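These are the residues of each chain, in order.
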Amino acid sequence: MPTNAEIINQRLSLRKPLKEALDILVALSDKLELKKEVDLTVELEKVNSLFATCTDFEREFPSICFSIATGVGKTRLMGAYVTYLYTQKGIRNFFILAPNITIYEKLIEDFGNPGNPKYVFNGIAEFVHNRPIIITGDNYNQQSNLFSKEEDVRINIFNIAKFNSDNKTQKKDGRSLPPRIKRLSEYLGQSYWEYLSGLSDLVILMDEAHRYHADASKNAINELKPILGIELTATPMDDKGNVFRNIVYEYSLAQALKDGKYVKHPTIAKRMNFKPDGLSEKEIENIKLEDAISIHVNTKNELEVYANTYNKRKVKPFILVVCKDITHAKETFAYIESKDFYKGDYKGKVLQIDSSTKNEEDISKQFLSLEHDTNEIEIVIHVNMLKEGWDVTNLYTIVPLRAANANILIEQTIGRGLRLPYNGERTGVENIDKLTVVAHDNFDKVIEASKDPNSLLNKMSFIELSEEELKVNTTVVTSTSKQEVEIKKEEEKISQIKDETKKQEAQTSLDAKKAILSVIPSFGSVAGVTRIDDLQKPEIKEQVIAIIQKQASEGSLGLFSQAIALDAEKQYEAVVSSFKKNVIEIPRIDLVQEEVRAWFEDFELQVENEFDYSVLSEEIHRRSLVNSEVDTIQVKVGALFKESPTNQIISELMNFPEVDYDENADLLQKLSNQAIRALSTREEDKLPVLVHQYRKIIAVKIYDQLKGHLKFSEPEYLQPKVLPFEKIENWNFTVMNKDGYKDYRDSISPVSLIPKYVFRGFEKACHFEYKFDTKQEKDFAYILENDKKVIKWLRPARNQFRIYYAKNSRQYHPDFVVEADNTIYLVEIKASNELNDEEVLDKKKAAVTYCRYSSEYTSANQGKAWKYLLIPHDEVTQTNTLEYFANRFIC
């Protein structure tokens, strides 16, 4: 049976190196803790035991690097990583980092647009009807519905610049305000940065990872506190030339070229019998440009023939010309556009890209548009402007005109043209699968460099992993409630009955049970039902049977609908009794916090030495076109000032995100008037002009003082609606195909292997199978099974409770629910050194609140009290009892 990774590989048609990289993540994700605040030394030892090349994570969290050549498909690999971590590890929050605007926009399209041919989730069934929510650096603070469903998978895509350059407002001392991402969000009650760093399952994927090893970028990423970092780059070196120390997989350009599948075949060309002696530098350059055109035209024709022959889309190739500097680029541009170059055939078909021509965003958009066959550009001239993400599929000819080191030529320039235009695969047509570098004067140097074992082209090193370690096959299993297990057993028995009449009778009886069990969980919201016992009331039974009869009349119960409905009435009491026996009466409560309220305290504006301004002269100057004489006309005061001075200032203040006029109208009026009074002491008659000229500066000064009086409310839990009970939700997890099951009484050594196994043998639990994250959780289950005072217990599935904490950004999942004679306990086992951590305290507050509301409800309806136990991990031993914990650790 194929593993989940193999299914992803098949659906996404991953190339061999990408599948190998996915297999490595599978192996590591089973070893790593995948949670916050782990012991980095221990985690590093786990990785290093498999990959000796990984000697340091180089970050404050586990981070692993995949060095993969340009053009192989790193973006598709990121899609596979997201899919696997979501489907197998339950991770729902991802953060993808882009180094520039070009890659940022491409990633948004590749991850968010199903109509895009490069959409990374094509074929992934889990995302057909539940597409991941794409949150970007442009929409994260605009739409509250981005965060409305806990079950959504959220993929954040940000340009690194958003962390520190999306803010232009400055404080009065000249320092910039924090980036907008670090300011308060009205939807979240905290900054988006705080929201991200607080996520318990955030995984960060770093595209072009070598761009994030400088101190500023590294520190910013560390602040996000992800549980795992996945770095992808074709050049795993920092800006000082140091090779990354966290590489776990390498598929180099040399290996890609050897495989001959995923990138163009680069060739170095020079004119036969070319002799530079006696030629000027300009003459050499012109010869190279002319030869490039010959190669270009040949390639262009080959591509057109291929498209017509095989009914493929048209691909228009272009030439990349690399110049020494901006002056050189301008001269080359002028020459190619002139009639001296192929009689002006390329006039209007040349694009110059350098820092003098356009800003980076415009450059990137123009460069990307080169792939469109309707684009007229056939030659691009550039000076050090082709960064990551600006490598397109239709670059076929490169002409380096500047004097360049051969290694730089190979490592930087060639990489821009390696991508293949037809689904990233070679066609078998030599000229279409070839990238040509015209290097007449550097030909011998390039050839020598390609022979150097330290050259990028000759670097074929890659990591080999043990087949045994990588191919641990797993299967997704569902641990259902005991009642569902009993139904499955009945189904198996029925399948063995030979007599068709008896078989149908048994099937009808079973279908009646199913019908009842499908209806009664919803009756927790029906009037007159306050406990499961109320389901036995005649009037409630009547309502349940009425629903089943309606289903029967509609034919939704199958061929024998009426017989099923009649049998349901006979079995009703017995089924309800069994339902009660196999569940813990967990009240259904949606426990959420109120919105965090922000307001400004009342205060007096400090005006001394703050508002000392004078009216600027406003005149109209006129110059004669005949004799250049100049005269002036004074601007008429008041013609443009329809708004009062106070309203002008308030209007500017409202541009600040924290300032809400409706909430603070009186204070804003007061402060604006105090500022105006300070201004009017000198030139009151010119006050409207003075305020108009300085309104923005005045508003900033008022805002600076406002910030010192900004207050936030502590979020309290809203009074919830309480329903008496709900069904026991199923567990879903993976199990190793070989020796994946253990009895809960078995000793597991080393204890780090415990999370890998599924444990069986429980009699008091609401499921027959569970997984445990730690030895202490497994030991606590042992205690519960063997403690006579424990009636039933449950390891709740992820969707069993709807308890939210930390300003509603995260859902709390308790470790255990335990039912005793008079009390039901909500239990959390936590490392003893983490008991006072903010997150643990937030969870504690949420759990205690849940127990309070539950107890209020159950005490009014003759039910059991609810209490919360927060147990230090070092107190859990198999010789302790529930009573011991209840006496010491009730919160």
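Residues numbered from 1 in each chain as written. Predicted model: local features only at pLDDT ≥ 70, side-chain atom pairs only at ≥ 80, totals over all residues. Heavy atoms only, no water.

**Here's the deal with the overall build of the protein**
No. 1: The secondary structure content of the protein amounts to 24 helices and 29 strands.
No. 2: Out of the 891 residues in the protein, the part that is buried amounts to 51%.
No. 3: Long-range contacts, defined here as pairs at least 24 residues apart, represent 72% of the contacts in the protein between residues at least 6 apart.
No. 4: Counting only carbon and sulfur atoms, one obtains 47% of the accessible surface of the protein, whose full area is about 43,000 Å². (Helix = DSSP H or I, 4+ residues; strand = E, 2+ residues; numbered from the N terminus. Buried < 20%, exposed > 50% of the residue type's maximum accessible area, 1.4 Å probe, protein only. Contact = heavy atoms within 4.5 Å. Areas by Shrake-Rupley, 256 points an atom, 1.4 Å probe, with all protein chains shown as cover.)

**Observations concerning the layout of surface pockets**
If you roll a probe as big as a water molecule over the atoms, it shows you where there is empty space left.
No. 1: There is about 1,500 Å³ of room inside the second largest pocket.
No. 2: Residue assignment for the lining of the second largest pocket shows that the elements contributing at least two residues are α4 (74-89) and α5 (101-112).
No. 3: In terms of residue count, the dominant contributor to the lining of the second largest pocket is α5 (six residues).
No. 4: Partitioning the lining of the second largest pocket into residue classes produces 15 nonpolar, 13 polar and 18 charged. (1 Å grid on protein atoms, 1.4 Å probe; cavity = no way out; pocket = protein on both sides within 12 Å on 5 of 7 lines; lining within 4 Å. Points joined across faces, edges and corners; volume = space filled by probe spheres on them. Nonpolar A, V, L, I, M, F, W, Y, C, P; charged D, E, K, R; others polar.)

**As for the side chain of Ser 481**
No. 1: Mapped onto the fold, Ser 481 is located in the loop between β14 (474-479) and α15 (482-496).
No. 2: Looking at Ser 481, the relative accessible area reads 10%, which means it is buried.
No. 3: Not counting chain neighbours up to four residues away, the residues in contact with Ser 481 comprise Ile 728, Asn 730, Cys 766 and His 767.

**Looking at the environment of Ala 574**
No. 1: When you line up the elements, Ala 574 lands in helix α18 (residues 561-581).
No. 2: In this structure the C-alpha to C-alpha distance between Ala 574 and Lys 513, which are 61 residues apart in sequence, comes to 9.3 Å.

**Details of α15**
Residues three or four positions apart in an α-helix share a direction because the helix packs 3.6 residues into each turn.
No. 1: Between its terminal C-alpha atoms α15 stretches 22 Å, which fits the 21 Å expected from 15 residues at 1.5 Å a residue.
No. 2: Along α15, the residues that are buried comprise Lys 482, Gln 483, Val 485, Ile 487 and Ile 494.
No. 3: In this structure, the buried residues of α15 make contact with α16 (500-519) and α18. (Expected span 1.5 Å × (residues − 1).)

**Structural notes on the confidence of the model for the protein**
No. 1: Averaged over all residues, the pLDDT of the protein is 83; the fraction at 70 or higher stands at 84%.
No. 2: Within the protein, the lowest mean pLDDT, 32, falls on helix α14 (residues 467-470), and the highest, 98, falls on strand β27 (residues 816-819).
No. 3: Every residue in residues 456-474 scores below 50 in pLDDT, and together they form 52 contacts with partners more than four places removed in sequence or on other chains. (pLDDT = per-residue confidence, 0-100.)

**Points about the packing of aromatic side chains**
No. 1: Tallied over the full model, the rule gives 33 aromatic pairs.
No. 2: Judged by centre distance (5.3 Å) and plane angle (20 degrees), the rings of Phe 95 and Phe 158 are stacked. Placement of the pair is Phe 95 in strand β2 (residues 93-98) and Phe 158 in strand β4 (residues 154-159), with a sequence separation of 63 residues. Exposure class is identical for Phe 95 and Phe 158. Each is buried. (Phe/Tyr/Trp six-rings, centres within 6.5 Å; stacked < 30°, edge-to-face > 60°.)

**Quick word on the pattern of salt bridges**
Two side chains with opposite charge may pair up if their charged atoms get near one another.
No. 1: Tallied over the entire structure, the rule returns 40 salt bridges.
No. 2: The closest approach of N and O atoms between Glu 126 and Arg 11, which form a salt bridge, is 3.3 Å. Taken as a pair, Glu 126 in the loop between α5 and β3 (133-136) and Arg 11 in helix α1 (residues 4-12) lie far apart in primary sequence, 115 residues in all.
No. 3: Arg 11 sits in the partly exposed class, given a relative accessible area of 35%. (Salt bridge = Lys/Arg side-chain N within 4 Å of Asp/Glu carboxyl O.)

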